[in-house]
Amino acid sequence: LYGYYRWSPDGTQIAFLDSQEHRLLATDVWGSAPVVLAENLALLYPPAWSPDGTEIAYVTPTDAMNNNNQVMAIYAVPAPINGETGGPRLVATFEQSVGCGGGSSDPADALRERQVGYMGNALTFTWLNDGSILFSNHCSGLGLARLDLTTGVTDVVLPDAARVALSPDQGRIAGIVFDANRQSTSLVVADLRGGAPQVVALDFLPDQVAWAADGASLYASSRTLIEWVGDPTSGSPAAGEYDVHLWQVDPATGAAQALAQHTAHSIGTLTAAPAGTGLIYTVIGSARDTVTGLENDQIIPPTTWLYYLDLTGQIIE
């Protein structure tokens, strides 16, 4: 159960998590055997490389509580050199609101959570170039804070936003704002250097978001329910089939260009391709066949597709 891959700043090493053993590992582009750097990690936070690439930070839970918040510890370990590793150092602590739990009767949701986090909300944990750390301060991924490692001060950046994407120059963030029922309401862009967050007016409800490689535009997905197969309130497996769209959005005006359409469960990850050559994204198929197959004692898992969208609009599956 490897995942949460993060490249080093120079692109020569990659850190990742073993979700079964709660471990941090790393390897390199030369094919070296993975080395274990730390254990007892908090599973839903990815590793974060220091801006100079010499250390890898990670989050581990502590036994301490403050009111209803769990105290989480940030440690950093030296990046491995020729397979040689070093011990961790305590960087800082922060408080995480707790109270997450429950699941879904839709088997495709399990694939989605493997890719983009609990309830579709990937937890943010990034070591910024200015030395601060940007992180999700709730276990659901709803809420974004910034920790100044010099002063130890934590400021809430976006209290009601999740699924946050950091611009290539690390100057701005884009996220999805949710209401009290945890329903997507709007796309918001905030400047990390100051100023009030700006709501981007869209003609659709955004689901996932990512920056284009040049930082001038955003990619966003949307999903509209077509029908349910089975009863999602019964506790038995049920599948939602959605009209899924991929858009390119001007964050200044909200103007959106439709790029692709799929009948599926959702779009999972959105990643700008190297050197601004397009977009790489995943589509998680509906679990319709999974649910109907169970009636005949057949196991038909939902499928995930990987797509490449180039700058001419051509899509390669």
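Residues numbered from 1 in each chain as written. Predicted model: local features only at pLDDT ≥ 70, side-chain atom pairs only at ≥ 80, totals over all residues. Heavy atoms only, no water.

(A) Examining a nonpolar patch on the surface more closely. Judged by side-chain polarity, Trp 7, Val 29 and Trp 30 come together as a nonpolar surface patch covering roughly 410 Å² of accessible area. The residue Val 29 is located in the loop between strand E3 (23-28) and strand E4 (35-39) in this model. Using a relative accessible area of 47% as the deciding quantity, one classes Val 29 as partly exposed. (Patch = residues over 30% accessible without salt bridge, like charges linked within 9 Å, V, L, I, M, F, W, Y side chains within 5 Å. Areas by Shrake-Rupley, 256 points an atom, 1.4 Å probe, with all protein chains shown as cover. Salt bridge = Lys/Arg side-chain N within 4 Å of Asp/Glu carboxyl O. Helix = DSSP H or I, 4+ residues; strand = E, 2+ residues; numbered from the N terminus. Buried < 20%, exposed > 50% of the residue type's maximum accessible area, 1.4 Å probe, protein only.)

(B) Looking closely at the pairing of E4. As paired elements, E3 and E4 share four bridges and run antiparallel to each other. Looking at E4, one finds that Leu 25 is bridged to Val 36. Where E3 folds back on E4, the antiparallel hairpin that results is connected by six residues, among which Gly 31 adopts a positive phi of roughly 85 degrees. (Pairing = 2+ DSSP bridges.)

(C) Spatial organisation of the state of the cysteines. In this structure the tally under the stated criterion is one disulfide. Here Cys 100 pairs with Cys 139 through a disulfide, and the sulfurs are 1.9 Å apart. On the S-S bond that ties Cys 100 to Cys 139, the torsion sits near 100 degrees, and the link is right-handed. Taken together, the residues Cys 100 in the loop between strand E8 (89-97) and helix H1 (107-116) and Cys 139 in the loop between strand E10 (133-136) and strand E11 (144-147) connect sequence positions 39 residues apart. You can call Cys 100 partly exposed: its relative accessible area is 31%. (Disulfide = S-S within 2.5 Å.)

(D) Unusual backbone geometry, seen in detail. One non-glycine residue with positive phi stands out, namely Asn 67, at about 60 degrees. Tracing the chain through its elements places Asn 67 in the loop between strand E6 (55-66) and strand E7 (69-78).

(E) Structural context of the pairing of strand E20 (residues 256-264). Inspection of the sheet shows strand E19 (residues 239-249) paired to E20 by eight bridges, in the antiparallel sense. The partner of Tyr 242 across the bridge, within E20, is Ala 264. Linking two consecutive strands that pair antiparallel, namely E19 and E20, is a turn of six residues; a positive phi of about 85 degrees is found at Gly 254 within it.

(F) Representation of the layout of surface pockets in the model. Taken as a whole, the second largest pocket spans an internal volume of roughly 800 Å³. Contributing to the lining of the second largest pocket are 31 residues, with Arg 112, Met 119, Arg 182, Gln 183 and Arg 223 lying nearest its centre. For the lining of the second largest pocket, the leading source of residues is strand E18 (residues 218-229), giving four residues. Within the lining of the second largest pocket, the residues separate by chemical class into ten nonpolar, 13 polar and eight charged. (1 Å grid on protein atoms, 1.4 Å probe; cavity = no way out; pocket = protein on both sides within 12 Å on 5 of 7 lines; lining within 4 Å. Points joined across faces, edges and corners; volume = space filled by probe spheres on them. Nonpolar A, V, L, I, M, F, W, Y, C, P; charged D, E, K, R; others polar.)

(G) Quick look at the sheet that holds E8. Reading across from one edge, E5-E6-E7-E8 is the order of the four strands in this open sheet, with antiparallel pairing throughout. With partners counted over all chains shown, the strands left at the sheet margins are strand E5 (48-49) and E8, one partner each. Summarising the sheet, E5 and E6 pair through two bridges and their orientation is antiparallel. When the bridges of E6 are listed, Ala 48 appears paired with Ala 57.

(H) Inspection of the pattern of salt bridges at higher detail. Enumeration over the complete set of coordinates arrives at eight salt bridges. Note that Arg 23 is salt-bridged to Asp 18, the shortest N-O span being 2.9 Å. On the basis of relative accessible area, Asp 18 is assigned to the buried category, the value being 5%. Its salt-bridge partner being Glu 55, residue Arg 89 comes within 2.8 Å of it at the nearest N-O pair. Note that Arg 89 is positioned in strand E8 and Glu 55 in strand E6, a separation of 34 residues in sequence. Residue classification places Arg 89 among the partly exposed residues on the basis of a relative accessible area of 38%.

(I) Representation of the sheet that holds E11 within the structure. Reading across from one edge, E9-E10-E11-E12 is the order of the four strands in this open sheet, with antiparallel pairing throughout. What marks the edges here is a single partner per strand, and that holds for strand E9 (125-127) and strand E12 (154-158). Averaged over all pairs of adjacent strands, the angle between their axes in this sheet comes to 20 degrees, without regard to strand direction. For E9 and E10, the ladder comprises three bridges, and the chain directions are antiparallel. Bridging from a neighbouring strand, Phe 125 pairs with Phe 135 of E10. (Axes fitted to C-alpha atoms, helices over the stretch in contact; angles between N-to-C directions.)

(J) Focus on the confidence of the model for the protein. Averaged over every residue, the pLDDT of the protein is 93; residues scoring 70 or more account for 100%. When mean pLDDT is taken per element in the protein, E5 scores highest with 98 and H1 scores lowest with 89. (pLDDT = per-residue confidence, 0-100.)

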